[in-house]
Amino acid sequence: MEPQRSPLLEVKGNVELKRPLAKAASRLPLSGRRLKRGPDQMEEALEPEKKRTRGLGTRVSTTYPRAAAFSSAPQMQGQTAVPKAPRKPAPRCSTAVAPVLKTQKPGPVVLAQKPTAAPPMVGGKKPKRAAWDLKGQLCDLNAELKCCREKKQVLDQENQQLRDQLQEAQQQALALGAERRSLEEELTRVRAQAEQGQRELGNLSARVLELEERLGTQEGLVQELQKEQLRLQEERTGLAARLGEQERRLQTSEASLSDSQEEVASLRQEAAAREAVLAEREDRLHGLEMERRRLHNQLQELKGNIRVFCRVRPVLPGESTPSPGFLQFPSGPCGPSDPPTRLSLSRSDERRGTLSGAPAGPTRHDFSFDRVFPPGSGQDEVFEEISMLVQSALDGYPVCIFAYGQTGSGKTFTMEGGPGGDPQTEGLIPRALRHLFSVAQELSGQGWTYSFVASYVEIYNETVRDLLATGTRKGQGGECEIRRAGPGSEELTVTNARYVPVSCEREVEALLHLAHQNRAVARTAQNERSSRSHSVFQLQISGEHAGRGLQCAAPLSLVDLAGSERLDPGLALGPGERERLRETQAINSSLSTLGLVIMALSNKESHVPYRNSKLTYLLQNSLGGSAKMLMFVNISPLEENVSESLNSLRFASKVNQCVIGTAQANKK
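All figures in this text were calculated on a predicted structure; none of them were measured in a lab.

### Some words on the overall build of the chain
Move 1: From N to C terminus, the chain includes 15 helices and 16 strands.
Move 2: Looking at the chain as a whole, 37% of its 668 residues are labelled buried.
Move 3: Partitioning the intrachain contacts of the chain with sequence separation of at least 6 by distance along the chain shows that 71% fall at a separation of at least 24.
Move 4: Accessible surface, the chain: about 39800 Å² in total, of which carbon and sulfur atoms supply 54%.

### What to know about the pairing of strand β6 (residues 399-405)
As a general feature of sheets, a regular strand has side chains that alternate between the two faces.
Move 1: Counted residue by residue, β6 has seven buried out of seven residues, so it is predominantly covered.
Move 2: Alternating positions in β6 separate into two faces, Val-399, Ile-401, Ala-403 and Gly-405 on one and Cys-400, Phe-402 and Tyr-404 on the other, with burial throughout.
Move 3: Summarising the sheet, β6 and strand β16 (residues 628-635) pair through seven bridges and their orientation is parallel. Within β16, the residue paired with Ile-401 across the bridge is Leu-630.

### A word on the sheet that holds strand β4 (residues 363-368)
Move 1: Strands sit in the order β2-β3-β4 across an open sheet of three strands; the sheet is antiparallel. Looking at which strands have only one partner, the edges of the open sheet turn out to be β2 (327-328) and β4.
Move 2: Pairing of β2 with strand β3 (residues 342-347) involves two bridges; the strand directions are antiparallel. Its bridge partner lying in β3, Leu-327 is registered against Leu-345.
Move 3: Sheet strands touched by helix α15 (residues 642-656): β3 and β4. Its angle to β3, the strand with the most contacts, is close to 145°.

### Digging into unusual backbone geometry
Move 1: Despite not being glycine, Asn-461 shows a phi value in the positive range, around 55°.
Move 2: Take Asn-461: it is sitting in the loop between β7 (448-460) and β8 (463-466).
Move 3: Of the residues examined, Asn-461 reaches a relative accessible area of 28% and is grouped as partly exposed.

### Side note on the packing of aromatic side chains
Move 1: If you walk through the whole model with that rule in mind, you get eight aromatic pairs.
Move 2: Measuring from ring centre to ring centre gives 5.1 Å for Phe-437 and Phe-452, while their planes differ by 80°; the resulting arrangement is edge-to-face. With a gap of 15 residues between them, Phe-437 in helix α10 (residues 428-443) and Phe-452 in strand β7 connect regions that are remote in the sequence.
Move 3: Residue Phe-437 is classed as buried on the basis of its relative accessible area, which comes to 14%.

### Section: the UniProt feature "binding site: ATP" (unreviewed entry) in the chain
Move 1: The feature "binding site: ATP" (unreviewed entry), as annotated in UniProt, sits at Gly-405, Gln-406, Thr-407, Gly-408, Ser-409, Gly-410, Lys-411 and Thr-412 in this numbering.
Move 2: Secondary-structure assignment places Thr-407 in the loop between β6 and α9 (411-416).
Move 3: Given a relative accessible area of 5%, Thr-407 falls into the buried group.
Move 4: Using a relative accessible area of 4% as the deciding quantity, one classes Lys-411 as buried.
Move 5: Not counting residues up to four positions away in its chain, the partners in contact with Lys-411 are Ala-403, Tyr-404, Gly-405, Gln-406, Asp-560, Leu-561, Ala-562, Gly-563 and Asn-634.

### Focus: the nonpolar core
Move 1: In this structure, Cys-310, Phe-402 and Leu-623 are the most contacted members of the largest nonpolar core, which totals 51 residues.
Move 2: The leading source of residues in this core is helix α12 (residues 575-602), at seven residues.
Move 3: Apart from residues no more than four positions distant in its own chain, Phe-402 is found in contact with Val-559, Leu-561, Leu-594, Ile-598, Met-629, Leu-630, Met-631 and Phe-632.
Move 4: Among the nonpolar cores identified, the runner-up in size contains 44 residues, and Val-399, Leu-443, Leu-514 and Leu-558 belong to it.

### Brief notes about the pattern of salt bridges
Move 1: Applying the stated rule across the entire model yields 15 salt bridges.
Move 2: Linking Arg-129 and Asp-133 is a salt bridge whose minimum nitrogen-to-oxygen distance equals 3.0 Å. For the residue pair Arg-129 and Asp-133, the accessibility class agrees, reading buried in each case.
Move 3: Linking Arg-434 and Glu-426 is a salt bridge whose minimum nitrogen-to-oxygen distance equals 2.5 Å.

### Remarks on the confidence of the model for the chain
Move 1: Averaged over the chain, the pLDDT score is 76; the fraction of residues at 70 or greater is 69%.
Move 2: Overall, residues 7-39 carries pLDDT values under 50, and its contacts beyond four positions in sequence, including any with other chains, amount to 52 contacts.
Move 3: Long-range and interchain partners of residues 45-118, a stretch whose pLDDT sits below 50, account for 72 contacts in this model, where long-range means more than four residues apart.

### Structural notes on the pairing of β8
Move 1: The alternating pattern of β8 places Val-464 and Asp-466 on a buried face and Thr-463 and Arg-465 on a face that is not buried.
Move 2: Summarising the sheet, β7 and β8 pair through four bridges and their orientation is antiparallel. Residue pairing for β8: Tyr-460 is matched across the bridge by Thr-463.
Move 3: Where β7 folds back onto β8 in an antiparallel hairpin, the turn is made up of two residues, including Asn-461, whose phi is positive at roughly 55°.

The rules behind the values
- Residues numbered from 1 in each chain as written.
- Predicted model: local features only at pLDDT ≥ 70, side-chain atom pairs only at ≥ 80, totals over all residues.
- Heavy atoms only, no water.
- Helix = DSSP H or I, 4+ residues; strand = E, 2+ residues; numbered from the N terminus.
- Buried < 20%, exposed > 50% of the residue type's maximum accessible area, 1.4 Å probe, protein only.
- Contact = heavy atoms within 4.5 Å.
- Areas by Shrake-Rupley, 256 points an atom, 1.4 Å probe, with all protein chains shown as cover.
- Pairing = 2+ DSSP bridges.
- Axes fitted to C-alpha atoms, helices over the stretch in contact; angles between N-to-C directions.
- Phe/Tyr/Trp six-rings, centres within 6.5 Å; stacked < 30°, edge-to-face > 60°.
- UniProt positions renumbered as here; feature names shortened; annotations may be inferred.
- Core = buried A, V, L, I, M, F, W, Y, C linked by side-chain atoms within 4.5 Å.
- Salt bridge = Lys/Arg side-chain N within 4 Å of Asp/Glu carboxyl O.
- pLDDT = per-residue confidence, 0-100.

This is the structure in structure tokens:
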């Protein structure tokens with residue numbers, strides 16, 4: 001049988017759960033008033049019952065010594081021992097009652113009545129029977145046994161009552177627990193609702209504050225709008241007054257507008273008439289420009305498509321001054337004001353004097369050219385004479401200008417200019433390009449657009465080398481060859497050579513500086529640094545008039561020929577001198593081929609030997625009948641160079657006598 005839980009503990013548990021006990025019918029001696037009290041009051045109410053129960057247990061347990069004393073009485077009195085009565089039933093009863101009393105709730109105790117046959121009390125204590133009074137002892141034992149049985153019956157009844165009360169208390173506790181849980185759930189729900197209500201209240205409070213703030217803002221805005229309305233009303237009044245004034249002015253303006261419209265109509269008619277006149281003048285200007293080009297070309301043809309200018313360089317510091325009369329420049333037909341075109345050179349012939357036996361006078365050699373520049377002529381004067389020829393290249397005519405003469409006669413100075421970048425000593429190449437850029441800028445106002453592409457090569461020992469090569473390509477002349485630009489094309493190009501677009505003078509100066517560093521020079525008997533190759537600067541010019549669909553293209557070739565001196569009879573045939581001998585032979589061969597080509601063109605021969613030299617082959621399109629050619633023959637003013645000067649003048653005279661056909665512009 002499982003131990004039953006004490007009702008007092010159940011009551012304490014219910015009190016800890018803070019659940020009131022429900023009223024129930026109970027046979028416990030505690031009244032309903034006591035059950036309604038708190039746990040501490042119930043403990044106090046139950047305390048007397050516990051004491052009574054404990055007192056009852058004490059009285060029950062005190063019977064055991066009496067039985068023991070009764071059984072040992074004969075020995076104490078010294079009488080004959082009697083067989084001891086069995087004591088097991090009595091202890092079994094007392095031991096069974098004691099635990100029950102300790103575990104059960106205190107209840108109303110019904111005390112057993114004392115047996116009637118008990119012996120009389122002596123001095124407050126029960127007298128002991130004599131040892132021989134076995135019947136009396138047995139009666140006492142039976143009386144005690146009966147008393148114990150009655151007590152046991154009473155205790156069993158109390159136990160059953162306590163069990164019933166415990167069951168009722170447990171049922172009441174279950175009901176109270178269910179009620180407690182429902183109340184807790186209700187409390188949780190109420191708390192959640194309260195929290196939600198608090199949140200809603202907070203939100204509503206914030207909303208109220210926001211609305212109050214907005215209301216304040218709106219009130220301020222309303223006040224501002226009211227002020228603005230007052231201001232606008234005042235402004236409206238002012239505008240109404242201004243409107244009336246403007247309407248009056250508008251009426252006046254409408255009257256003026258009608259007059260202006262009539263004036264505009266007349267101005268439009270006048271503008272249309274002026275546009276027609278302007279278009280007519282543009283057509284006329286274009287016609288005049290074309291006529292200018294035609295007349296310019298005709299003027300150049302009258303001067304000759306092959307012209308020869310002679311230039312005598314001045315005596316340099318450290319050189320011997322020539323004798324008076326060595327070089328003379330006779331005046332032109334119109335007197336001293338006319339530019340000189342003739343040159344006289346005097347030379348004494350010692351051999352003729354020895355043969356006749358008497359000293360012979362100097363021999364005079366007279367030459368006539370298109371123009372002669374004395375030693376005092378500056379670079380600007382020289383270029384002014386050829387500027388119109390250079391401009392022909394913009395009109396679509398191929399132009400070729402080359403300098404011929406012995407080493408040290410001033411060819412490179414004439415073409416490229418002097419060192420140091422002095423503007424007064426600039427050569428023909430930078431001046432020609434500056435002039436072309438300037439004229440092209442002027443013609444752009446008439447609808448012409450021009451592009452310029454420059455190249456600079458040299459021909460050394462019949463090998464073409466690129467003077468504009470940079471980096472690892474320097475000195476790789478064998479890779480450059482003269483080829484046709486395309487199948488069926490008459491234009492020639494140099495393979496592996498740089499063709500650089502130029503548009504300003506600074507770019508041209510950089511190209512000339514690079515070419516000057518790459519050109520082959522060597523020391524000769526006539527000059528410390530003599531050019532040993534032909535340098536050819538070519539500028540491809542392309543022009544277009546988009547409005548009229550006109551195009552033109554032509555090359556401008558500026559050539560600085562190698563020194564034309566003959567073979568030195570006193571030249572030693574060392575390893576280095578043999579190389580100089582081969583250079584001189586190649587130079588003289590190419591110059592001879594140039595003379596043959598010019599003579600063939602003058603004689604209208606069917607075959608012109610352009611391919612006999614790389615120089616003439618490269619300049620083929622600049623030497624033909626559609627080209628304009630100018631040759632500068634440069635001579636030295638020194639008497640020691642008279643033989644080379646005469647050879648150069650004689651070659652130039654032959655060229656000056658040649659006449660090439662009429663030049664034609666390359667137009668599309």
